[in-house]
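Fold and geometry: a report
Each chain is listed here by its residues.
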Amino acid sequence: MSSLMREPSDLRNRGAPLIDGIDKVTGRARYTADLDHAAALVGRIFRSPVSHAEIKRLDVTKARELDGVFAVVTGADCPHTYGVLPVAMNEYPLARDRVRYRGEPIAAVAAVDTATAEQALDLIEFEMHELPAYYSSPAARADGATLLHDDKPGNIEREVHHVFGDVAAEFEQADLVREDRISCGEVNHAQIEPHAILAEYDPAAQRLTVQSVTQVGYYLQLMLARCLDMDVSRIRVIKPFIGGGFGARVEVLNFEIIAALLARAAAGTVMMQLTREENFLTHRARPHTEVTLKLGMRRNGQITACACEVVQRGGAYAGYGIVTILYAGALLQGIYNIPAVKFDGYRVYTNLPPCGAMRGHGSVDVRHAFECVLDRMARELGLDPFTVRRANLLEVPTRTMNQLVVNSCGLSECLDRVEHASNWRARFGKLPPGKGLGMACSHYVSGAAKPIHWTGEPHAVVNLKLDFDGSVTAFTGAADIGQGSSTMVAIAVAETLGVSLERVRVVAGDSAITPKDNGAYSSRITFMVGNAAIDAAKNLKAILIEAAARKLDARADDIECVSEQFSIGRRGQARLSFAEVVKEALIGGGALQVKGIFTCPPEAQGGKHKGGAVGSTMGFSYAAQVVELTVDEPTGAIRVDHVWTALDCGHAINPLAVEGQIQGSVWMGMGQALSEETHYLDGLPAHSNLLEYRVPTIAESPPIEVQIVESRDPYGPFGAKEASEGALASFPPAFVNAVANAIGIDFDQLPLTPDRVMQALVERRRKARASALKGQAS
């Protein structure tokens, strides 16, 4: 593999605040709901009142006749399915013939105001024939269960079976074999900004413009064209400011297509803002997952074999399901050296809102189970948890058995950092009763090496424009959803050109003026868009150096550019300012426009086995984490006292942003471990608001000490890799391992709510009492 290394220069703009930060903190930033929609119609959705039924009659006549209603659409207005992958598009924006979860859209209206829209929904007449509904994977897989989709026997969306190495033989080599079954609750993204879209249709030009909360503008454009039978060139997608994504918006969502259908039907503009309850119904978050994990280990802590079965409750439609179940297996590898791995995965259809991608997509629940079992085996063998992890570290560069390419790995240093910072050796197992320390490791990809829709185009494109005023404008389709990708692009351009950050502006996420980008998912933007931005800046710099050489009557190879000064050699007496060089470069041609691209090389694009492209990446981040906590035995409540985390991000282009992303990852992992879980009552979310769906508040948030480890990946921009997802998956197992250290109980279910802790403590007391009574009787 030829190196794509971008020289990790001493970046002058490290630690720069986000370029959109002032707009956000002053309130100037305009999110979708802030857009001017005074003249827009109000869109509302009529949703299924049951979880599973055949539609017998749907009559919208009275709704259409209501004064103030401009459009009503139903499944009859869109005969096309949509979805993430071309092979798994089995969902209609509005149900046709059958509903498969409670809250599924059936019809929608556009009216002059909210009251009229709500009144119109009440006038819709709906008759159905109810069918059996299944809210758990075992129920949906049971013999004789009604199929949610006729072409999916057993209600299995996707079944995956992979074997790498001689699993049976390697288990025979183990001194200890252990198997545990661990359950992880369904988790919602709970992003601050509810879903919203402003859709405008121009009937004269037959053009559609949408401004939405999407993380994937390119895919939204494709699905709108598909579902509305429009040419892609007639659709413009603009991304306003976004108040959090976390994977909630990496799929095209039904309300986006519905709003566009309404705008076209009304020949005007429609604003649709979903309530928080509707956000929970739209869902697409981390699925409820059952993990059965079997590990073999030698006495020195070396892993010999792994056998893992994963069952995901995927909800009613495909969505990201195929990819999610593949990630669950693929990312068993790429972090430790495991001689043999067997994976069996099942993605199950149920009558619940569809699940999808969430931060740490596909890897979090399986990594939780893996790290918990590692700790339990370390305890049985009398080994320190850090010793076990160090016994299995990868040596890089390497290629795993499932063909994941690992070119850099700073996990060893991450372990050293958190072990030292937490004073682990002096305190582990020696804290007062009810207090404990736990640790775990995790990793994640820096973008998928193969895009969802394979077109042969580059993975990322960045255009730069330089005009007479000396400003450099970077055009990128990459969606900044709060992770700071636009700031990263600006830094990459400024550092490569040798100009001030203030000279660079970024225009992002407008399909009419920015080049296509595949979107904000799987932490791809820093690696791929960053490399494309550097490539574009190098191309522009070459033109400027040629211009400076002409002006100085020198060879281009002799020209140096530092701090917006061009000279012959670094100490040359003849110097030109950036403005003078720009003026020379524009002679005869005017404004300069250049392009930069990035494409993953074929050798990084995964193995030949089915699903081998999932999990393949150009660079993995690595994290180690220590959690200190207190368990209050009288109440079962757990307080997280302190977190130490270290993440190998390759190179921190912007350490300020990296630290914030790591803290956010830890915090989301804490929510999944402590309290977050989506419960359903007859198919309806039991707590579809942020008061009852328990995310941690500042009151529960502990000090989080972040250590940034830089392994300098040879293919990353300035050596950088992903920084926003890798640290999440190590919190839940470190937390559960710390609870075990505090009270001596291993828990196999997330979240670890006070009632579950209390139940376990009561059961232990009962067993101890029964054992004592038995001893007295004997």
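Look a little higher up for the structure.
As a starting point, this report considers the structure included with it. (Residues numbered from 1 in each chain as written. Predicted model: local features only at pLDDT ≥ 70, side-chain atom pairs only at ≥ 80, totals over all residues. Heavy atoms only, no water.)

The full count for this structure, using the stated rule, is six cavities of 30 Å³ or more. Of the voids in this model, the largest cavity is the one considered here, and its volume is about 120 Å³. Lining the largest cavity we find 16 residues, and of these H162, F164, G329, A330 and N402 sit closest to its centre. Mapped onto the lining of the largest cavity, the elements with two or more residues apiece are β7 (156-164), α9 (321-330) and β15 (341-349). The element that contributes the greatest number of residues to the lining of the largest cavity is α9, accounting for four residues. Residue classes in the lining of the largest cavity are distributed as eight nonpolar, seven polar and one charged. (1 Å grid on protein atoms, 1.4 Å probe; cavity = no way out; pocket = protein on both sides within 12 Å on 5 of 7 lines; lining within 4 Å. Points joined across faces, edges and corners; volume = space filled by probe spheres on them. Helix = DSSP H or I, 4+ residues; strand = E, 2+ residues; numbered from the N terminus. Nonpolar A, V, L, I, M, F, W, Y, C, P; charged D, E, K, R; others polar.)

Within the span of helix α12 (residues 411-421), buried status applies to L411, C414, L415, V418 and E419. Down the axis of α12, the smallest arc covering the buried residues is 125°, so these residues share one side. On its buried face, α12 is in contact with α11 (385-390), α13 (424-427), β18 (435-445), β26 (620-632), β27 (637-648) and β30 (704-709). Looking one or two residues past α12, N423 carries a phi angle of roughly 55°, positive in sign. (Buried < 20%, exposed > 50% of the residue type's maximum accessible area, 1.4 Å probe, protein only. Arc of directions from axis to C-beta. Contact = heavy atoms within 4.5 Å.)

With that out of the way, let us pick up the sheet that holds strand β9 (residues 196-202). The strand order across the open sheet formed by seven strands is β3-β5-β1-β12-β9-β10-β11, and the pairing between neighbours is mixed. Both edges of this open sheet fall to β3 (69-74) and β11 (235-238), since each of them pairs with a single strand only. Across the sheet, the mean angle separating the axes of adjacent strands is 20° when strand polarity is ignored. Sheet analysis places β3 next to strand β5 (residues 105-111), joined by five bridges and oriented antiparallel. Bridging from a neighbouring strand, T74 pairs with A107 of β5. Along the sheet, helix α3 (residues 114-122) contacts β1 (41-47), β3 and β5; its crossing angle with β1, the most-contacted strand, is approximately 25°. Helix α7 (residues 254-266) contacts β1, β3, β5, β9, β10 (207-212) and β12 (269-273) of the sheet and is inclined by roughly 30° relative to β9. (Pairing = 2+ DSSP bridges. Axes fitted to C-alpha atoms, helices over the stretch in contact; angles between N-to-C directions.)

Another point: the packing of aromatic side chains. Two aromatic rings, taken as a pair, are described by how far apart their centres are and by the angle between their planes. In this structure the tally under the stated criterion is 14 aromatic pairs. Plain terms: the ring middles of Y327 and Y444 are 6.2 Å apart, the flat faces sit at 35° to each other, and that makes the pair tilted. Taken together, the positions of Y327 in helix α9 and Y444 in strand β18 put the pair 117 residues apart, joining distant regions of the chain. For Y327, a relative accessible area of 3% gives the class buried. The residue whose ring lies beneath K294 is F171, and the NZ or CZ to ring-centre distance is 4.5 Å. The cationic tip of R524 hangs over the ring face of Y521; the distance from NZ or CZ to the ring centre is 6.0 Å. (Phe/Tyr/Trp six-rings, centres within 6.5 Å; stacked < 30°, edge-to-face > 60°. Lys NZ or Arg CZ within 6 Å of the ring centre and 35° of its normal.)

This next bit is on the packing of helix α14 (residues 485-497) against helix α15 (residues 525-552). Viewed as axis vectors pointing N to C, α14 and α15 meet at an angle of 30°, and their least axial separation amounts to 8 Å. The angle between α14 and α15 places the two elements in the roughly parallel class. For α14 against α15, the interelement crossing comes out right-handed. Here α14 contributes S485, M488, V489, A492, V493, T496 and L497 to the contact with α15, which in turn contributes I525, T526, V529, G530, A533, I534, A537, K538, L540, K541 and L544. Of the residues belonging to the contact of α14 with α15, the class tally is twelve nonpolar, four polar and two charged. (Parallel < 35°, antiparallel > 145°, perpendicular 65-115°, else oblique. Left-handed = near helix turned anticlockwise from the far one by under 90°.)

Spatially, four strands are ordered β21-β20-β19-β25 in an open sheet, and the strand pairing comes out mixed. In this open sheet, the two strands that pair with only one neighbour each are β21 (504-508) and β25 (592-598). The sheet shows a mean angle of 20° between the axes of neighbouring strands, taken without regard to direction. By the bridge criterion, seven bridges tie strand β19 (residues 460-466) to β25 in an arrangement that is antiparallel. Its bridge partner being in β25, L464 is matched across the sheet by V594. Its contacts with the sheet place α14 against β19, β20 (472-476) and β21, and it is angled at close to 140° to β21. Across the sheet, helix α16 (residues 578-586) lies against β19, β20 and β25, angled at about 100° from β19, the strand it touches most.

Quick look at the environment of D384 now. When you line up the elements, D384 lands in the loop between α10 (364-381) and α11. D384 sits in the partly exposed class, given a relative accessible area of 25%. With 44 residues separating them along the chain, D384 and F428 place their C-alpha atoms 9.2 Å apart. Beyond its immediate chain neighbours, meaning those up to four positions away, D384 contacts W424 and F428. Only 2.9 Å separates the side chain of D384 from the side chain of W424, close enough to count as a polar contact. (Polar contact = N/O pair within 3.5 Å; in protein donor to acceptor, adjacent residues only side chain to side chain.)

Function cannot be read off these values alone, since they describe shape.
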